[in-house]
Amino acid sequence: MQDWDYLAASCMELTLELNNQKYPPANQLKKIWNENKDALVALPLTAALGGIRGNVTSSFDGLPVPATITVDGSSWGTYADSYFGFYARPIKPGTYTVRASYPGFRAAAAQVVVPDDLSGVVQNLVLQRVR
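In this report, we go over the structure that sits alongside the text. (Residues numbered from 1 in each chain as written. Predicted model: local features only at pLDDT ≥ 70, side-chain atom pairs only at ≥ 80, totals over all residues. Heavy atoms only, no water.)

### Brief notes about the side chain of Arg89
Then, number 1: Mapped onto the elements, Arg89 comes out in strand 4 (residues 86-89).
Then, number 2: Buried and unpaired, Arg89 has Asp72 as its nearest opposite-charge partner, separated by 10 Å.
Then, number 3: Not counting residues up to four positions away in its chain, the partners in contact with Arg89 are Gly51, Ile52, Val71, Ser74, Trp76 and Thr78. (Helix = DSSP H or I, 4+ residues; strand = E, 2+ residues; numbered from the N terminus. Buried < 20%, exposed > 50% of the residue type's maximum accessible area, 1.4 Å probe, protein only. Lys, Arg positive; Asp, Glu negative; His and termini not counted. Salt bridge = Lys/Arg side-chain N within 4 Å of Asp/Glu carboxyl O. Contact = heavy atoms within 4.5 Å.)

So, in structure tokens, the structure goes:
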């Protein structure tokens, strides 16, 4: 895992080494792919969908809010995007309180249970404008 990307930019980037040789012969690539493809496809899906995910919207007009997303007990946060308000927070199974905040809105929080089967949980959050 690339620490700077993960901690500073909230971006998960991985380097996977699938063979003892840095540059395996071309005739071995199909075999290496077939041995690893299930895990290589499952990994990003589990990382993106296996924790807490959802959308953050405004109660005023239903538009997306690019909120800061935090989980109680963790110093690492992430952000909802400005296009859909979508966020995804990889986290191991357990019970958590997820929070969304953005300037000009009251923060919202919800308790969620991330299941052991790695399917994740969807928790949409609605922020109310401060008048």
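### Section: the packing of aromatic side chains
Then, number 1: A full pass over the atoms with the stated rule returns one aromatic pair.
Then, number 2: Seen from their ring centres, Tyr102 and Phe105 are 6.1 Å apart, and the 55 degrees between their planes marks the pair as tilted.
Then, number 3: The class of Phe105 is buried, set by a relative accessible area of 16%. (Phe/Tyr/Trp six-rings, centres within 6.5 Å; stacked < 30°, edge-to-face > 60°.)

Limitation: the analysis is restricted to geometry and does not speak to function.
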